[in-house]
Amino acid sequence: MNLVTISGPPSSGKTAVILKAAESLMKRGVKIGAVKFDCLHTDDDLAYEKAGIPVKKGLSGSLCPDHYFVSNIEAVTDWGIKENFDLLISESAGLCNRCSPYIKEIKAVCVIDNLSGINTPKKIGPMLRMADIIVITKGDIVSQAEREVFAAGVYAVNPSAIIMHINGLTGQGAFEFSTLLYDENTQIDTLKGKKLRFSMPSALCSYCLGETRIGESYQMGNVRKINL
Amino acid sequence: MSQQELLQYSPQQLLKIYPFLESFFAGQNWILKQNHQQKLIELLDQLDEEQQEDHAFDKADFIEQLHDFISQMEAFVGQKEKSVETLTVLPGNDKSGNPENFEQLIFKTKTITSIVGPTGSGKSRLLADIEWVAQADTPTLRKVLINNEKPDNSWRFSGNKKLVAQLSQNMNFVMDLSVQEFLELHAKSRMAANADVLIKRIIDAANELAGEKFLPETPITSLSGGQSRALMIADTALLSQSPVVLIDEIENAGIDRKKALKILTGEDKIVLMATHDPILALMADQRIVIKNGGIHKIIQTTEGEKAMLKQLEMADQKLQNLRARLRGGEVLAEA
Ligand SMILES: Nc1nc2c(ncn2[C@@H]2O[C@H](COP(=O)(O)OP(=O)(O)OP(=O)(O)O)[C@@H](O)[C@H]2O)c(=O)[nH]1
Ligand SMILES: [Mg+2]
Ligand SMILES: [Zn+2]
Ligand SMILES: [Zn+2]
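Note that this is a predicted model, so its numbers are computed, not measured.

Draft legend 1. Representation of the site of ligand 1. Residue and element names in this part refer to chain A. Every one of the 19 residues lining ligand 1 counts as a neighbour, but K14, T15, K36, D140 and G168 are closest to it. Measuring from an oxygen atom of ligand 1, one finds a side-chain N or O atom of D44 at 2.9 Å. Here ligand 1, which alone exposes 650 Å², has 74% of that area covered by the protein. Among the secondary structure elements, those contributing two or more residues to the shell around ligand 1 are α1 (14-27) and β4 (87-93). When residues in the shell around ligand 1 are grouped by element, the largest group, three residues, is from α1. Grouping the amino acids of the shell around ligand 1 by side-chain chemistry returns six nonpolar, seven polar and six charged.

Right under this line is the structure:
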C-alpha cells in the first residue's frame, strides 16, 4: 500500500483536489481509501463515501489535530493494509500553523489556495516548508499576476518542492497530480519506527489540561509571557 | 557553493553575492531577527532548542533549502533560457479512443489560434496537455513538443516557470494594493530588470485598452470590469514569464479587443483563445474545432473570412456607437 499525507489550511481545497485525483486513479484500477483528521466537525467523510471511497474520520476535539494525527495514523495505516487498499490518503486540516503531520519517507502534500493572502506562505511554517508537493488551488478566480506572485512566495518558503496549480472545481491539473501520488513499487507495511519530519511543540500548560480560570496563580507548566 | 561553504558566509555577504536571496530570507522568519554580519554557522549555533521551536525551524532543513534555492535561482537567472518559438501538438485519441485526424498542430509565437467547440468537449484537456507538456502520458495520449524537441520536465514541476498564463472572465484582483504597488510586487517576484520602465509601460498600455483611464494610485480592487481586464492583459503581456497565453473569451465591453490581442502578439506570445464570438474567432490566424475530446479540425482563417471580419467589425462599431448615443440620452434616427 502507498500512503500519502495531505495537509493544508481549512477550506484550501484539499478534499476537492483529492476527489479529482482519486477519480483518475480509480479509472486506472487503483483501490483507494481515505481518512480525515479534523478538530470539531467535518462532512468530508460523506464526500468520500459518495465518491465510492471507503473512509474513516477522526475528530481531535480538544487536542491539536496534528497531535491527534500522530497518535492515530499507525492504526489507520493498519486498517488500510487490512482493507487491501493500493493507496491510503490521509487528509488533515492544519489548524495551529505550527505542527505538520508529515512523516519521513511518506509522501507529503500541502494544499494552499490563492485567496489566502500573500503572507500566508510565510505564516504556515513546517506544513508548507516540509512538503514534497505543494498544490495551489483557486487560481480560477484571481488574476494571472496574483497567481505568479503567490507561487513565488510559496517557492521562497520551499524551493525544493514540486509546485502544481490545480483547479479543485474543474479538476484541471488533477490527473497530472494523480500520477505523482501512486507508485506501484512503493510498499508500506507499517509506520512503526518511522519519524515525524518535524517535532511538534512541547507546550503543555495548565490550560491544555482543562484549566479555565484566568490569573497568575492558575498558570502552570510551560508558560510564556508577552513582551509589553 | 556547497552547503558547508555556505555556512561560512554571513547573510549580508550572501545577499551581496546572490541578491535574489532577499526573497528567500523574507520567507524565513527567524533570519530576519538575526545579526546579518555574523556567519551563518555561528547564527545557527546560537539558536537554542527553544528558539528553534519558536520559529518552527530545523537547521539541516534550512541549509538544504538555502542551497536548493541558490542552485535553482542561478540556473533560472543566469542562463538566458532559449525562448519558446513553437509549440507542436502531435495527435492522440478522442474520448472514444478514435485517433485524431491531423498530422501536427503548430502554434507559433506572435500568432493567434482560436478554439471552438461546445463546453465539455475537451478544451480544458487540450490546455492541460499543453501545460503538462504531455508525452503520451495523459488520457488523450497526445505529445507536445517545444521548438520541435521533446521538452524537459522542469516545465511540469517548477513554481517559477509555467508554460501557460491564463485569463478568464471569472478572474478578479483580490489583493488590497494600488495598481503601482501591485505591479511592483509582481515585477519583484519575477526579479524583472528595469521594473520602473516596465510598470509605466503596463499602465499606459492598459489605459489605452480600457476606455476610461485609471491612475497608478487606484486600488486594483476598485477598477471597473474593463479596466481590470485591460490591466490583466497588459500585465500578462509584459510581465508574465509564460510564453503561451490562454484567453477564455473577452467580453465585448469596456475594452478594445483587437488592441489587446496586438499587445500580446507584440510581446511574442503564443495566443490561444477559447471563444464563440465570430469577431474574435476570425481575428485568429487559425482555429481548431474540438469535438468529443479530440481535435476534430484545424482551419486556417480564409481570405473570405478575413473580408467577412471587416464587415462584422463595421457592424459591431455601429452597434457600439448606437449604444453610446443611447446612453447619452439621444433619440436615434437612421443616419
Ligand atoms: N473557485 C474554486 N473553488 C475551489 C477550488 N478548490 C476548492 N474550491 C472550493 O473551496 C471550498 C473548500 O474546498 P474543500 O475541498 O472542501 O476544502 P478542504 O481543504 O478540504 O476543507 P476542510 O477539509 O474543511 O479544511 C469548496 O466550496 C470548494 O468547492 C478551486 O480551485 N477554485
Ligand atoms: Mg476537506
Ligand atoms: Zn499543533
Ligand atoms: Zn496549553
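Draft legend 2. How the structure looks around the sheet that holds strand β8 (residues 286-291) of chain B. Residues and elements named next belong to chain B. Across the sheet, which stays open at both edges, the six strands sit in the order β5-β6-β7-β3-β8-β9 with mixed pairing between neighbours. Looking at which strands have only one partner, the edges of the open sheet turn out to be β5 (164-168) and β9 (294-300). Sheet twist, expressed as the mean angle between neighbouring strand axes with direction ignored, is 20°. Bridge count between β8 and β9: six bridges; the pairing is antiparallel. What sits directly across from I290, in β9, is I295. Across the sheet, helix α13 (residues 257-266) lies against β3 (112-116), β6 (244-248) and β7 (270-274), angled at about 145° from β7, the strand it touches most.

Draft legend 3. Highlighting the nonpolar core. B:V179, B:L183, B:I220, B:L231, B:I247 and B:L261 are the most contacted members of the largest nonpolar core, which has 47 residues in total. If you tally residues by element for this core, the top one is helix α12 (residues 225-239) of chain B, at eight residues. Sequence-distant contacts of B:I220, that is, excluding residues within four places in its chain, are made with A:E146, B:F173, B:M175, B:L177, B:S178, B:V179, B:F182 and B:L231. A:C110, B:L43, B:A56 and B:F62 belong to the second largest nonpolar core, which has 42 residues in total.

Draft legend 4. Molecular detail of the coordination of the magnesium ion (ligand 2). All names here are of chain A. Of the protein atoms, only T15 (OG1), D44 (OD) and E91 (OE) coordinate the magnesium ion (ligand 2), at distances of 2.0 to 2.1 Å. All donors of the magnesium ion (ligand 2) come from a single chain, and their spacing in sequence reads T-x28-D-x46-E. Residue D44 is found in helix α2 (residues 44-50), and its partner E91 is found in strand β4; the two are separated by 47 residues along the sequence. Exposure remark for D44: the relative accessible area of 16% places this residue in the buried category. Residue classification places E91 among the buried residues on the basis of a relative accessible area of 2%.

What counts, and where the lines are drawn
Residues numbered from 1 in each chain as written. Chains lettered and ligands numbered in written order. Predicted model: local features only at pLDDT ≥ 70, side-chain atom pairs only at ≥ 80, totals over all residues. Heavy atoms only, no water. Near = heavy atom within 4 Å. Polar contact = N/O pair within 3.5 Å; in protein donor to acceptor, adjacent residues only side chain to side chain. Areas by Shrake-Rupley, 256 points an atom, 1.4 Å probe, with all protein chains shown as cover. Helix = DSSP H or I, 4+ residues; strand = E, 2+ residues; numbered from the N terminus. Nonpolar A, V, L, I, M, F, W, Y, C, P; charged D, E, K, R; others polar. Pairing = 2+ DSSP bridges. Axes fitted to C-alpha atoms, helices over the stretch in contact; angles between N-to-C directions. Contact = heavy atoms within 4.5 Å. Core = buried A, V, L, I, M, F, W, Y, C linked by side-chain atoms within 4.5 Å. Buried < 20%, exposed > 50% of the residue type's maximum accessible area, 1.4 Å probe, protein only. Donors = N, O, S within 2.8 Å, 3.2 Å for Na, K, Ca; no water.

The quantities given are spatial measurements derived from coordinates; they are silent on function.
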